[in-house]
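Descriptive analysis of the structure
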Amino acid sequence: MISKKILNALTKEQLIFLINQYQHMTFIVSEVCVDEDKQHISPEQAIEKIRKELRNCNFPSYVSIEVFISILDYKMGRIALDEYKERIGIG
C-alpha cells in the first residue's frame, strides 16, 4: 500500500497515472478471469498473465518519497533510464 505521505507529495498528473494503472489492472484481471472461465486458457496461464501485469505496475511502498517519485516518473516516460538511475543513485 502506498503511504499517505507519498500520495500527498504527488502531482495531479502522477495521481491520475496511478489511478489509470489501477483501472488497467482491474480490467486485465477481469479479462483473464473471463478467459479462464470460458476455458480459453488454463488456470496456470491465467495466474501467469495476472502476475506479469502485476509486475508491470508494481510500485514499492517502502522507499523514500524521492525514490517513489523517480520510479513513477520513469514509468510515466517523463524521465529517461539514465536520469532515473542518477536520481536513485545507481548511475
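Below, the structure is looked at part by part. Residue numbers here run from 1 along each chain, matching the order of that chain's written sequence. Owing to the predicted nature of the model, reporting of local features is limited to residues with pLDDT of at least 70; listing and counting of side-chain atom pairs is limited to 80 or more, with chain, interface and lining totals taken over all residues. Excluding hydrogens and water, the side-chain figures rest on all heavy atoms present in the structure.

1. Points about the packing of helix H2 (residues 12-37) against helix H4 (residues 65-76)
- The axes are straight lines fitted to the C-alpha atoms, using for helices just the contacting stretch, and the angles between their N-to-C directions are given from 0 to 180°. Helix and strand definitions follow DSSP, with helices as H or I runs of at least four residues and strands as E runs of at least two, each counted in order from the N terminus. Between H2 and H4, the least distance of the axes is 11 Å, while the angle of their chain directions is 70 degrees. Taken together, H2 and H4 sit at an angle that is classed as roughly perpendicular. Viewed along their axes, H2 and H4 form a crossing whose handedness is left-handed. Between H2 and H4, the residues in contact are Glu13, Gln14, Phe17 and Leu18 and Phe68, Ile69, Leu72, Asp73, Lys75 and Met76, respectively.
- Looking at the contact of H2 with H4 residue by residue, the class counts come to 6 nonpolar, 1 polar and 3 charged. An angle counts as roughly parallel when it lies under 35 degrees, as roughly antiparallel when it exceeds 145, as roughly perpendicular when it falls between 65 and 115, and as oblique in every other case. Whether a crossing is left-handed or right-handed is set by the direction in which the near helix is turned from the far one by less than a right angle, anticlockwise for left-handed and clockwise for right-handed. We call two residues contacting when some pair of their heavy atoms lies within 4.5 Å. The classification used treats Ala, Val, Leu, Ile, Met, Phe, Trp, Tyr, Cys and Pro as nonpolar, Asp, Glu, Lys and Arg as charged, and all other residues, Gly among them, as polar.

2. Let's talk about helix H3 (residues 43-56)
- In this scheme, a helix's expected span is set at 1.5 Å multiplied by one less than its residue total. Between its first and last C-alpha atoms H3 spans 20 Å; for 14 residues at 1.5 Å apiece the expected length is 20 Å, and the two agree.
- Taken as a whole, H3 has its buried residues at Ala46, Ile50 and Glu53. Viewed end-on, H3 has its buried residues packed into an arc of 65 degrees, placing them on one side of the element. Those residues of H3 that are exposed and aimed more than 90 degrees away from the buried face are Glu44 and Arg55.
- Structurally, H3 contributes buried residues whose contacts are with H2. A simple rule labels every residue: compare its accessible area, found with a 1.4 Å probe on the protein chains alone, to the largest value its type can have, and call it buried under 20%, exposed over 50%, or partly exposed in between. When we speak of the arc, we mean the arc of directions from the helix axis to the C-beta atoms.

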